Amino acid sequence: MKELTPPIRADRKPLWELLPLEQPLRINIDPCDVCNIKCDFCFQSKSKEFKGNIMTVEMFEKIITQLKEFADPINVIHLYGLGEPLINKNIPQFIRMVKSENVGKEVKTTTNGTLLTYSLIDELMEAGLDELTISLNGLSDEDFERITRVKINFENVFDNIKYLYAHKRNCHIHIKIIGDYFSEEEKSLFINQIGDYADTINIDGTTNHWSGFKITAKQQKQYNIGEGSFKEWPVCAFCFYELAVHSDGSVSPCSVDWQKDKQNLGNITESSLKEIWNSEKRKEILVSFLEGTKNPYIACRECEYPNSGAGVNLEPYKKELLKKYV
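Within any chain, residue numbers begin from 1 and follow the written order of that chain's sequence. Thresholds applied to this predicted model are a pLDDT of at least 70 for local features of residues and 80 or more for the giving and counting of side-chain atom pairs; totals over whole chains, interfaces and linings are not thresholded and use all residues. Only hydrogens and water are set aside when side-chain values are computed; all heavy atoms of the structure are taken into account.

**Remarks on the overall build of the protein**
The following threshold applies: Secondary structure is summarised from DSSP: a helix means a run of H or I of at least four residues, a strand means a run of E of at least two, and numbering begins at the N terminus for each. Only protein chains enter the accessibility calculation, which uses a 1.4 Å probe; a residue is then buried when its area is under 20% of its type maximum, exposed when over 50%, and partly exposed in between. In this description, contact between two residues means that some pair of their heavy atoms is separated by no more than 4.5 Å. We get accessible surface area from the Shrake-Rupley algorithm with a probe of 1.4 Å; when it comes to residues, only the shown protein chains can shield them.
When you go through the protein residue by residue, the secondary structure sums to 13 helices and 9 strands. In the protein, which comprises 326 residues, the share counted as buried stands at 53%. Taking the contacts inside the protein whose residues are at least 6 apart along the sequence as the reference set, 76% of them involve residues at least 24 apart. Carbon and sulfur atoms make up 47% of the accessible area of the protein, which totals about 15,300 Å².

Right, here's the structure in full:
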């Protein structure tokens, strides 16, 4: 039986000891903010105004060029954001570009797994992908339709997962589910059967990290989502160590900012990633978290992610950190 655990690096150092950072530890690059499913818990099923894009090769090449401006390769390049990355047929090429240009120490992506095929798996592994996370939104055909509003053949998805694990080379395979959506029997099935085809597995809890949306009373009752299940961490750690580049080139403080068309940190067609990282606009966000004042970034004010105990708890260190940022 696999142990339930997120894939955390063994050499990971405490974030508060590293801050402030001269460059991001992680950059999320969104190959595609369009999705092929509409999960009940996702903004993609709630927003009528969001219009997605697919990142072009030219845009990705511009990102690669700008990443070279940082002193060292970024620890993690995560090819993932607001949509399903495998919709973009250039994903293997993007992985190879990061590897060949040495701008990232590790390349990861996250997928819902429904678009995996034998041939695509081979391409991803040949390109040199270091970690693949599958966020599995169903353990049966009925589950997929209930959660994603799309008819999916689970046996086909499971077959591709088996092929992936058998042909993964040096790629770390992590598979997770959101436990609130499954029965105890289904969770056992996940651990005892799916777990055999992954290096690590986890059963996550539900977190509402989509700014502007609330978990409804119906969802809370239907999926047994409890209140007060997590400790509140008012300081959001994500903004301190990552950036997100969306498929249109706009840049957000973190990857869950789906309202980036209303407000963002800039666009790589107008400013470089290094300039955005060192900008006063980004610094104001960090300082507001540490001071406990009104955040100038609307999505951060509305986001409930840190209040769900997600990420690293910087709350005990905010006074010490504030001295470093002002």
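**Notes on the side chain of S247**
Our working definition: Under the rule applied, a polar contact is a pair of N or O atoms within 3.5 Å (in protein, one hydrogen donor and one hydrogen acceptor; residues adjacent in sequence only if both atoms are side-chain atoms).
Along the polypeptide, S247 turns up in the loop between β7 (242-245) and β8 (250-252). Judged by relative accessible area, S247 falls into the buried class, the value being 4%. Within the local environment of S247, its side chain forms a polar contact with the side chain of D33, the two groups lying 3.0 Å apart. Engagement of the side chain of S247 in a polar contact is seen with the backbone oxygen of N53, the distance being 3.3 Å. Setting aside its immediate chain neighbours within four residues, S247 contacts D30, P31, D33, N53, I54, M55 and M59.

**A closer look at helix α2 (residues 57-67)**
The complete set of buried residues in α2 reads V57, M59, F60, I63, I64, Q66 and L67. Summarising the contacts, the buried residues of α2 are in contact with β1 (26-29), β2 (74-79), α3 (91-101), β7 and α10 (273-277).

**Some words on the packing of α2 against α3**
As a reminder of what qualifies: For helices, the axis comes from a line fit to the C-alpha atoms of the stretch in contact; other axes are also lines fit to C-alpha atoms, and the angle between any two N-to-C directions lies between 0 and 180 degrees. For this classification, under 35 degrees means roughly parallel, over 145 means roughly antiparallel, 65 to 115 means roughly perpendicular, and everything else is oblique. Whether a crossing is left-handed or right-handed is set by the direction in which the near helix is turned from the far one by less than a right angle, anticlockwise for left-handed and clockwise for right-handed.
For the pair α2 and α3, the least separation of the axes is 11 Å and the interaxial angle reads 20°. Comparing their axes, α3 and α2 come out roughly parallel. Two packed elements cross with a definite hand, and for α2 against α3 that hand is right-handed. Residue-level contacts link V57, F60, E61 and I64 of α2 to Q93, F94, M97, V98 and E101 of α3.

**Observations regarding unusual backbone geometry**
Omega for the peptide link from L19 to P20 comes to -5°, which places this bond in the cis form. The phi torsion at N102 lies on the positive side, around 55°, for a residue other than glycine. Inspection of the secondary structure puts N102 in the loop between α3 and β3 (104-111). Not every positive phi belongs to a glycine, and R149 is a case in point at roughly 65°. Its place among the elements puts R149 in the loop between α5 (141-148) and α6 (154-166).

**Examining the sheet that holds β3**
What counts, and what does not: At least two bridges found by DSSP between two strands is the condition for calling them paired.
If you trace the 9 strands from one edge of the open sheet to the other, you get β6-β5-β4-β3-β2-β1-β7-β8-β9, paired in mixed fashion. Where the open sheet ends on each side, the last strands, each with one partner, are β6 (200-204) and β9 (266-267). Strand direction decides the pairing type here: β3 and strand β4 (residues 131-135), joined by 4 bridges, are parallel. Paired with T111 across the bridge in β4 is I134. Docked against the sheet, α3 engages β2 and β3, running at close to 165° with respect to β3. Each of β5 (172-178) and β6 is contacted by helix α7 (residues 184-192), which is oriented at about 165° to β6, the strand it contacts most.

**What to know about the packing of aromatic side chains**
In plain terms, the rule: Aromatic pairing here means that ring centres of Phe, Tyr or Trp (its six-membered ring) are within 6.5 Å. Orientation follows from the plane angle: under 30 degrees is stacked, over 60 is edge-to-face, and everything else is tilted.
For the structure on display, the rule yields 7 aromatic pairs. Seen from their ring centres, F60 and F94 are 4.0 Å apart, and the 5° between their planes marks the pair as stacked. On the criterion of sequence distance, the pair formed by F60 in helix α2 and F94 in helix α3 is long-range, its members being 34 residues apart. Here F60 matches F94 in class, with each residue buried. Judged by centre distance (3.9 Å) and plane angle (10°), the ring pair of Y118 and Y163 falls under stacked.

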